[in-house]
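What follows is each chain in one-letter form.
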Amino acid sequence: EADAAALRHLLHYGAKADYWTLERKHVSPLVPDIEQYRQAFRWAKQHAPGVLVGFVISAWQFLLLMDIYGDLREWLQTALQVAEQTDDQQGQANTLRALGDLSQRTDDLQGARAYYDRALALFEQIDRRWGRLSGLVNNAGVVDVAARLDQMSWSRWRRMFDINVLGSLACARE
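Rules used throughout
- Residues numbered from 1 in each chain as written.
- Predicted model: local features only at pLDDT ≥ 70, side-chain atom pairs only at ≥ 80, totals over all residues.
- Heavy atoms only, no water.
- pLDDT = per-residue confidence, 0-100.
- Helix = DSSP H or I, 4+ residues; strand = E, 2+ residues; numbered from the N terminus.
- Salt bridge = Lys/Arg side-chain N within 4 Å of Asp/Glu carboxyl O.
- Buried < 20%, exposed > 50% of the residue type's maximum accessible area, 1.4 Å probe, protein only.
- Lys, Arg positive; Asp, Glu negative; His and termini not counted.
- Contact = heavy atoms within 4.5 Å.
- Core = buried A, V, L, I, M, F, W, Y, C linked by side-chain atoms within 4.5 Å.
- Axes fitted to C-alpha atoms, helices over the stretch in contact; angles between N-to-C directions.
- Parallel < 35°, antiparallel > 145°, perpendicular 65-115°, else oblique.
- Left-handed = near helix turned anticlockwise from the far one by under 90°.
- Nonpolar A, V, L, I, M, F, W, Y, C, P; charged D, E, K, R; others polar.
- Patch = residues over 30% accessible without salt bridge, like charges linked within 9 Å, V, L, I, M, F, W, Y side chains within 5 Å.
- Areas by Shrake-Rupley, 256 points an atom, 1.4 Å probe, with all protein chains shown as cover.
- Phe/Tyr/Trp six-rings, centres within 6.5 Å; stacked < 30°, edge-to-face > 60°.
- 1 Å grid on protein atoms, 1.4 Å probe; cavity = no way out; pocket = protein on both sides within 12 Å on 5 of 7 lines; lining within 4 Å.
- Points joined across faces, edges and corners; volume = space filled by probe spheres on them.

**Some details on the confidence of the model for the chain**
Then step 1. Across the chain, the average pLDDT comes to 77, with 74% of residues at or above 70.
Then step 2. Here helix H1 (residues 2-22) stands out as the element of the chain with the lowest mean pLDDT, 64, in contrast to helix H4 (residues 69-85), whose mean of 90 is the highest.

Written out as structure tokens, the structure reads:
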């Protein structure tokens, strides 16, 4: 029963991260929840590694918005290891992309390129196995907290451009 409750806790915080990220809500009210996310991660790592990858992918943008890079890097590297051990190619590709985005955000451009190259290699494997996609809906992007253009920092503009424009172009190219 304790494991079932812990799994519900994990799924709840994964869904909460998805909501706050996808709805582009200001996330500062969730600061007290960070310890809850850490607890959910630790439980999944020990008891439900198969669920861990999905949880980390759900939470990564939330943690990125909160500038919690140390936890995020550890979580993504752990999720990548689990995805590799279970041959979860989608989990690997999503985690590599997230690691690339994190590396880019922390100005590690060589690291970002290495992660993106590994993710692209997975796309190629998937293409060989399943064939090329004939269509793509690029329906993702970020805005962050609503603000006037003159109130946005250069780094925010750069992040939005990288994700919303270059990210869509990279997916369309592949």
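**Brief notes about the pattern of salt bridges**
Then step 1. Within the structure shown, the criterion is met by four salt bridges.
Then step 2. Between Arg38 and Asp71 there is a salt bridge; the shortest N-O distance is 2.6 Å. One end of the pair, Arg38, is in helix H2 (residues 34-47); the other, Asp71, is in helix H4, and 33 residues separate them in sequence.
Then step 3. For Arg38, a relative accessible area of 27% corresponds to the partly exposed category.

**Quick word on the side chain of Asp101**
Then step 1. With respect to the secondary-structure elements, Asp101 resides in helix H5 (residues 89-105).
Then step 2. Buried within the structure, Asp101 lacks any salt-bridge partner; its nearest side chain of opposite charge belongs to Arg97, at an N-O separation of 4.7 Å.
Then step 3. Apart from the residues within four sequence positions on either side, Asp101 is in contact with Trp60 and Tyr116.

**As for the nonpolar core**
Then step 1. If you look at the biggest cluster of nonpolar residues, it comprises 34 residues, and the most contacted ones within it are Phe55, Val56, Trp60, Leu63, Leu72, Trp75 and Leu76.
Then step 2. For this core, the elements supplying multiple residues, two or more each, are H2, helix H3 (49-65), H4, H5 and helix H6 (109-130).
Then step 3. No other element matches H3, which puts ten residues into this core.

**Here we look at the packing of H3 against H4**
In helix packing, the relevant descriptors are the interaxial angle and the interaxial distance, both defined with respect to the helix axes.
Then step 1. Interaxial distance between H3 and H4 falls to 9 Å at its minimum, and their mutual angle equals 150°. The pairing of H3 with H4 is recorded here as roughly antiparallel in orientation. Seen along the crossing, H3 lies across H4 with a hand that is left-handed. Touching Pro49, Leu52, Val53, Phe55, Val56, Ala59, Trp60, Leu63 and Leu64 of H3 are Tyr69, Leu72, Trp75, Leu76, Thr78, Ala79, Val82 and Ala83, all from H4.
Then step 2. The residue makeup of the contact of H3 with H4, split by class, is 16 nonpolar, one polar and no charged.

**Some remarks on a nonpolar patch on the surface**
Then step 1. On the surface, a cluster of nonpolar side chains totalling about 330 Å² of accessible area is made up of Phe161, Val165, Leu166 and Leu169.
Then step 2. Positionally, Phe161 belongs in helix H7 (residues 154-173).

**Quick word on the environment of Thr86**
Then step 1. Turning to its location among the elements, Thr86 is positioned in the loop between H4 and H5.
Then step 2. Look at Thr86 and you get exposed, because its relative accessible area is 51%.
Then step 3. Spatially, the C-alpha atoms of Thr86 and Pro49 are 9.4 Å apart, while their sequence positions differ by 37 residues.

**Thoughts on the packing of aromatic side chains**
Then step 1. If you walk through the whole model with that rule in mind, you get three aromatic pairs.
Then step 2. Ring plane angle 25° and centroid distance 6.3 Å describe the contact between Tyr37 and Phe55, whose orientation is recorded as stacked. Within this pair, whereas Tyr37 is found in helix H2, its partner Phe55 is found in helix H3, the two being separated by 18 residues in sequence.
Then step 3. Accessibility expressed as a relative area gives 0% for Tyr37, which makes it buried.

**A look at the layout of surface pockets**
Over the atoms, a rolled probe matching the size of one water molecule traces out where space is still vacant.
Then step 1. By volume, the second largest pocket amounts to about 340 Å³.
Then step 2. Contributing to the lining of the second largest pocket are 14 residues, with Gln104, Arg105, Ser155, Arg158 and Arg159 lying nearest its centre.
Then step 3. Among the elements of the structure, H5 and H7 are those that each provide at least two residues to the lining of the second largest pocket.
Then step 4. If one sorts the elements of the lining of the second largest pocket by residue count, H7 sits on top with seven residues.
Then step 5. The residue makeup of the lining of the second largest pocket, split by class, is four nonpolar, two polar and eight charged.

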